[in-house]
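# Breakdown of the fold
Okay, here's what each chain looks like letter by letter:
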Amino acid sequence: MRKRIGVLTYRRESGFVEPGFLRRLVEEGREMGAEVFLFSPQDVQFAEKRINGFVPDGTKWRRECFAWPDIVIDRYRYYPLPKHRAYLPFRKQDWFRYANNRFSNKYVVHQILIQDPELQRWLPETLPYDRKTLDAMLADHRLVYLKPTNGTGGRSILRVEKRAGRYLLHGRTKKQAKSCEKLATLTEVCERLEHWMKNEKSGNEQFFLQQGLRLSLVPKRTVDARMLVQKDGKGQWCLTGMGIRVGPIQSSTSNLHGGGTALPAVSFLVKRFGQEMAERIVLECKELAIKTVTRIEEHFGLMMEFGFDLGIDVHGKVWIIEINPKPGREIFKQLRQHNRYKMAVRRPLEYALYLVNKEKSERLRDLP
């Protein structure tokens, strides 16, 4: 009998977010012999234990009635907005077996990780916004980022740099509009940041300050590494792939959504640092990923995959910038690594099926 995998995601009237990836997820599941469908909280009929789910039908989505899933992959990208208010109460119910637990916002995760002595060396200084803190961090680092706790795709991030007695501000709004300003005083900067936060926040979202890193491995461009770590069909954490993202000239971030370009990681690092140091950097990235996900699972319970945004500064030091529990995998498409992209889509399904089979085996073993 085919295993049934539900994929919990947000559905608006016009359709699903990230439809290309979700379509591929359903199709790969079919190839693996599973029945995979999408659904949102409003699609569940609890009394009948049925779900009005969706599957691809040509270029559209077809609604079908499905029985209760064996397991659910949570792909819902939550923001503290009225349109998402059903998600948290829904997710807290014990209706389904989930392949991945709920996570938290970026600032809370940083506070958890910074308590681990083994991880501290990879974490940039990160503090809640206030005017005194901004002044102190600019004195220490000269470069500081203002970030939203729930942001994604590099949106709503503002870069503040103190240079020659003036302040340079670069950022992108949540609608991807670029912002660039020069201000003369710290008071003006604080007023601008507070106006930015008021306009850019989603619902009751908060903002925090993060130490800026010298990530200009390419002159005048922000460069970072995106690493995807996932559990495989044996329940083991694996590095699926890694790529370098190079932002547009004078951009505050490197995100592909904001016009960034993807490059193969190893060849880029070898060209910049030489073979031996490049190998050390990649090995360090793998090491920090495994240590970090282990610490996260101790706190949040079983997880399934993470996208790591890693800074590699001009001295080759590695930093954890952000960790995303519901990552994209478009970087592999940009790199034309089609087999790696396919693997990145299949691994959550393989892990979900592993959990279902493991639970079934344990039930059989416990029978008298």
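Please refer to the structure placed before this passage.
Right, let's get into the overall build of the protein. Per the secondary structure count, the protein includes 9 helices and 19 strands. The C-alpha radius of gyration computed for the protein amounts to 22 Å, which stays within 12% of the reference 21 Å derived for 368 residues, consistent with globular compactness. Principal-axis analysis of the C-alpha atoms places the extent of the protein at approximately 75 × 50 × 45 Å. Residues counted as buried form 54% of the 368 residues belonging to the protein.

Take the sheet that holds strand E18 (residues 305–312) next. What the 5 strands build is an open sheet, ordered E17-E16-E15-E18-E19; its pairing is antiparallel. Looking at the sheet topology across the chains shown, the edges are occupied by strand E17 (261–264) and strand E19 (318–324). Strand-to-strand twist of the sheet, defined as the mean angle between neighbouring strand axes without regard to direction, takes the value 35 degrees. When strand E16 (residues 237–246) meets E17, the two strands line up antiparallel, connected through 4 bridges. The residue bridging Arg 245 from the neighbouring strand is Ala 262, located in E17. Across the sheet, helix H7 (residues 275–300) is in contact with strand E15 (223–231), E16, E18 and E19; its angle to E18 comes to roughly 135 degrees.

This part takes up the sheet that holds strand E9 (residues 126–128). Here 6 strands make up an open sheet; going across it, the order is E9-E14-E10-E11-E12-E13 and the pairing antiparallel. Edge positions in the open sheet fall to E9 and strand E13 (178–183), since each of these has one partner strand only. The mean inter-strand angle of the sheet, taken between neighbouring strand axes irrespective of direction, is 20 degrees. As paired strands, strand E12 (residues 166–172) and E13 are joined by 6 bridges and run antiparallel to one another. Paired with Arg 172 across the bridge in E13 is Lys 178. Along the sheet, helix H3 (residues 106–113) makes contact with E9, strand E10 (143–148) and strand E14 (207–211), crossing E9 at roughly 125 degrees. Of the strands in this sheet, E9, E10, strand E11 (157–163), E12 and E14 are in contact with helix H4 (residues 131–141), which crosses E14 at around 15 degrees.

What counts, and at which threshold
- Residues numbered from 1 in each chain as written.
- Predicted model: local features only at pLDDT ≥ 70, side-chain atom pairs only at ≥ 80, totals over all residues.
- Heavy atoms only, no water.
- Helix = DSSP H or I, 4+ residues; strand = E, 2+ residues; numbered from the N terminus.
- Rg over C-alpha atoms; globule rule 2.2 N^0.38 Å.
- Buried < 20%, exposed > 50% of the residue type's maximum accessible area, 1.4 Å probe, protein only.
- Pairing = 2+ DSSP bridges.
- Axes fitted to C-alpha atoms, helices over the stretch in contact; angles between N-to-C directions.
- Contact = heavy atoms within 4.5 Å.

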